[in-house]
Amino acid sequence: MAALLEVRDLSKRFGGFVALEGIDLDVNQGERLGLIGPNGSGKSTLVNCLCGTLRNETGNVHFDGLAMDGLSAHRRARLGLARSFQLPRPFPSLSIADNLRIPLLYVVGARPGGGLGEAALEARAGELLAMVGLADKARRLPGDLTQIEMRKLELARAMAGEPKLLIADEAMAGLSPTEVDDILALLAQLNEAGVTIILIEHIMRAVMNFSERLVVLVAGHKIADGKPEDVIRNAAVVEAYLGQ
Amino acid sequence: MDIPLDLLVNGIVSGLLLGGFYAAVTVGVSISFGMVDIVNIAHPAFIILGSYIVYILGVEFGIDPILAGIAMLPVFYALGAAIYQIYYVSFEKRGRESLRGLAFFFGLLFITEVSLVLVFGVDYRMVPAAYVGPTIRLGFVDLPLRLLVPCVVALTAIGLLHLFLSRSFIGRAILAVSQDEFALRLMGASPVATKRVAFAISLATAALAGACLIIIQPVEPSTGRDYIGRVFAICVMGGMGSFGGMVIAAMLLGIVESLTATFYGPSWAPAVAFTFLLLTLAVRPAGLFGR
Amino acid sequence: MRRGDKGSAARENVAAPAPSAARRSATFLAAAVAVALLAFLAARSVGNDYVFFAGYVVLQYIVLATAWNILGGYTGYVNFGTAAFFAAGAYSSVVLHKLVPLPLVVHILVGGLVSGLIGLGVGYLTLRLRGVFFSIATLAMAVVMQTLITNWEFVGGSRGTYVIRPAAVPIVGDYIQYLFLVMALLAALAVWVARQIEGSRLGYGFATIRDDEVAAEASGVPTLRLKLIATTVSGAFMGMAGAPYPYYVTYLDPASGFNLAYAVNSIAMPLVGGTATWAGPVIGAILLGSIQQLATVTISSALNLLLVGVILVGFVIAAPNGIMGLLQKRRP
């Protein structure tokens, strides 16, 4: 069976700087994939290329059997590819509830038969907020949220589009261990419900606990791909992390 | 079409001279917009203000326009510092207010222009100076002094400014602000103070540019509008904060405008700068000589 | 805290569950048209043509400010080129007048079409230009268009052209009264469209573009299409406001058609009134427009423009959310 996400020979340059080179990656339906690498190794660039925020020069991306190449970010979102941003990017002039209304209107609402009435919109936004523990802040503006609440909002907004694949880009950076566990539990719950998840993370404990498979990027190249316990023993990975 | 060589050469030469002057008009915006990210679209209006002050000093007291422009530098510097203070307190400090900041400068542009209309009327004003009339002739090439003097003054001023920015501590701080505010903090300089100095310098250049302008052409209050497009076109084409790119872009624009005026008539000239700008923005938003 | 409460208050007004959104919107349109007709009857009862001449300008500014706000206030793209869209409408009218004079309403539709197409073109600029670069490009476009018109002899070039205004119109009477009525109805239509956008799916999409385009795309918002809609609708209304203008002035030259006052006013009015809702531009246009009309007769036309500049700067510094913002702050 074909993988949910297939990346073949993907490369991205910024001027003379090679951000990604010849990336091949398969992610299967229902998988929990960890993506790690040192700062500047190209993880976020890869996410941006997968989600259509940036255009890759070469290579192609297939998602759910469809070629993504040339598709805009919003088309990919509607096809079931969701992402959270490394630094949360809420809509600052919209209330927390209305932040979730956007993907409900534009992702869910754009799918056949997905249009929601006013009452259904409110209810669904409330459900999502309850799920991430922000129900009592529905009418607040994002500027009033704490760092962890902001990250929860970011995840809730990505989840609102009922994605097949969720890419969580450093959703836990700067959080306390209990807060990290909160977010991990949330992601695990989503995964149980059938959502494939790519977790990009620096916190090794979180990645090791969560991932079924681990991929390592270093300087724009994929240097390892396999079971987490094997990958972290891999000589190249050890060198990339410890040899610096 | 047969293009007469002397017309062509003269067009290019006066374009180069004009370009030197355009660089002086642009240098302020290169600093405020290109380096410290303040979109002062009122800058050309302040240049016209400078022209009028130079005009008064020239007509009433017989002061040479260039000297008058230099004398006004500290006054415009202070004005710039004051405007930045208002801008900082009202917009930068509050954050995410780019729309209103833009409207603020748009309002200043309008206030300056209309105030000049109320005080001086809409008549064209010129300034008396020994070098307004004469022209140096080299073979069939004309070098009108009214273009040559502003060009030399402008390029000298830009050279000095460049030295200042690259050598002095505050100059380097200004360059650092354009790259990275964090690096600036590491240098131990306050971003707000640095930006205030940068903006004040940018406005001070308007005094000298105003002096150059009124030597080159008669001025009326709305003349500044013709320069909004030129200034931003040059700034963007030159790659925002780069002085070298700015001078080259200014000369290019000067040549194209001068040739357009020579071969198609002056009524088409205003569109040249803006067409240049639109094309630059559409094809290469980072500028022709961008980083 | 304060900000959150205020935001939620504003949003609840818009998003409150409606008995029937369609019925409410029809009611609003009917009310807007009724107000327009009332204004017409009120002006008529004064029995002085000056009221129509002055009122026409204010109404024209309601259309321009509302149109500007659809792009500038809702999506955050600041258009400095209002004069270009307005003049495009006015000059399409001149061209029609010279070729095949048609009823005024047709002129308005053609003017709207021409300026709407220009707006569509400007919309594609947003592909590459964000923030201030877009604004400068619109200013540049206005100058390029003015130069083209100045060099186009058919419409009078730099000298301008005379447009003969019909003396009267059946039923309504005097032509200036007819112009007033038409502009009042156009204003009602523009305000209705602006209100329709607010609180609709489109309005939410516009807000995300204003806030963060990358995040908007990731949330499924087709940002380019929405921006094209905004620039086209905004441009079209500006053109429609400009189309009757040659008949109002009877003499049109590039300097008056491309007057910078249009750009300043169409920015100042929404900012003074408040950019968040349809009411802001209307309040701003009525206030600033009336002040200017009064100042023009009592003081001088240069001074009234100074006034606009000072009011604009004062408001952006002291009342960032305009008059509507001040009113909402008062509300408990």
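Attention in this report is confined to the structure presented alongside it. Within any chain, residue numbers begin from 1 and follow the written order of that chain's sequence. Chain A is the first chain written and ligand 1 is the first ligand written, with later ones labelled in order. Only residues with pLDDT of at least 70 are given local features in this predicted model, and only at 80 or more are side-chain atom pairs given and counted; all residues enter the totals for whole chains, interfaces and linings. Water and hydrogen atoms play no part in the side-chain values, which are based on all heavy atoms of the structure.

With that settled, the discussion passes to the packing of helix H2 (residues 43-61) of chain B against helix H4 (residues 98-120) of chain B. Each pair of packed helices gets described by two things: the angle between the helix axes and the distance between those axes. Residue and element names in this part refer to chain B. Axis lines are fitted to C-alpha atoms, over the contacting stretch for helices. Their N-to-C directions set the angle, which ranges from 0 to 180 degrees. Only runs of H or I of at least four residues qualify as helices and only runs of E of at least two qualify as strands under DSSP, and these elements are numbered from the N terminus. At a closest axis distance of 9 Å, the pairing of H2 and H4 adopts a crossing angle of 25 degrees. On the basis of the axis angle, H2 is roughly parallel to H4. H4 is crossed by H2, and the crossing has left-handed handedness. Of the residues in H4, those in contact with Ala 45, Phe 46, Ile 48, Leu 49, Tyr 52 and Ile 56 of H2 are Leu 108, Leu 109, Thr 112, Leu 116 and Phe 120. Each residue is assigned to one class: nonpolar for Ala, Val, Leu, Ile, Met, Phe, Trp, Tyr, Cys and Pro, charged for Asp, Glu, Lys and Arg, and polar for all the others, Gly among them. In the contact of H2 with H4, the residues fall into 10 nonpolar, one polar and no charged. Each angle is binned into one of four classes, with values under 35 degrees roughly parallel, values over 145 roughly antiparallel, values of 65 to 115 roughly perpendicular, and all other values oblique. Handedness of a helix crossing follows the sense of rotation of the near helix relative to the far helix, less than a right angle counterclockwise being left-handed and clockwise being right-handed. Here, two residues are considered to be in contact whenever any of their heavy atoms come within 4.5 Å of each other.

Further remarks concern the sheet that holds strand S1 (residues 5-14) of chain A. Residue and element names in this part refer to chain A. At least two bridges found by DSSP between two strands is the condition for calling them paired. Spatially, four strands are ordered S2-S1-S4-S5 in an open sheet, and the strand pairing comes out antiparallel. Whereas interior strands pair on both sides, the edge strands pair on one side only; in this sheet they are strand S2 (17-27) and strand S5 (66-67). Here strand S4 (residues 58-63) runs beside S5; their pairing, made up of two bridges, is antiparallel. Along S5, the bridge assignment pairs Phe 63 with Leu 66. This element, helix H1 (residues 43-51), spans S1, S2 and S4 of the sheet and lies at about 115 degrees to S1.

Residues and elements named next belong to chain C. Across the interface, helix H4 (residues 82-99) lies against helix H13 (residues 260-273) with an axial gap of 7 Å and an inter-helix angle of 120 degrees. Put simply, H4 runs oblique to H13. The hand of the H4/H13 crossing is right-handed. Across from Thr 82, Ala 83 and Phe 86 in H4, the residues of H13 making contact are Tyr 262, Ala 263 and Ser 266. For the contact of H4 with H13, a count of residues per class yields four nonpolar, two polar and no charged.

With 41 residues of chain C at the interface, the matching set in chain B holds 40 residues. As used here, buried area is the combined drop in accessible area, with a 1.4 Å probe, of two parts when they are placed together. Interface area for chain C against chain B, summed over the two sides, is near 3,500 Å², with a carbon-plus-sulfur share of 81%. Any Lys or Arg side-chain nitrogen located within 4 Å of an Asp or Glu carboxyl oxygen qualifies as a salt bridge. For the pair chain C and chain B, the interface holds zero salt bridges. Counting residues per element, the ones that place at least two in the side of chain C that touches chain B are helix H3 (49-75), helix H6 (131-150), helix H8 (201-211), H13 and helix H15 (301-318) of chain C.

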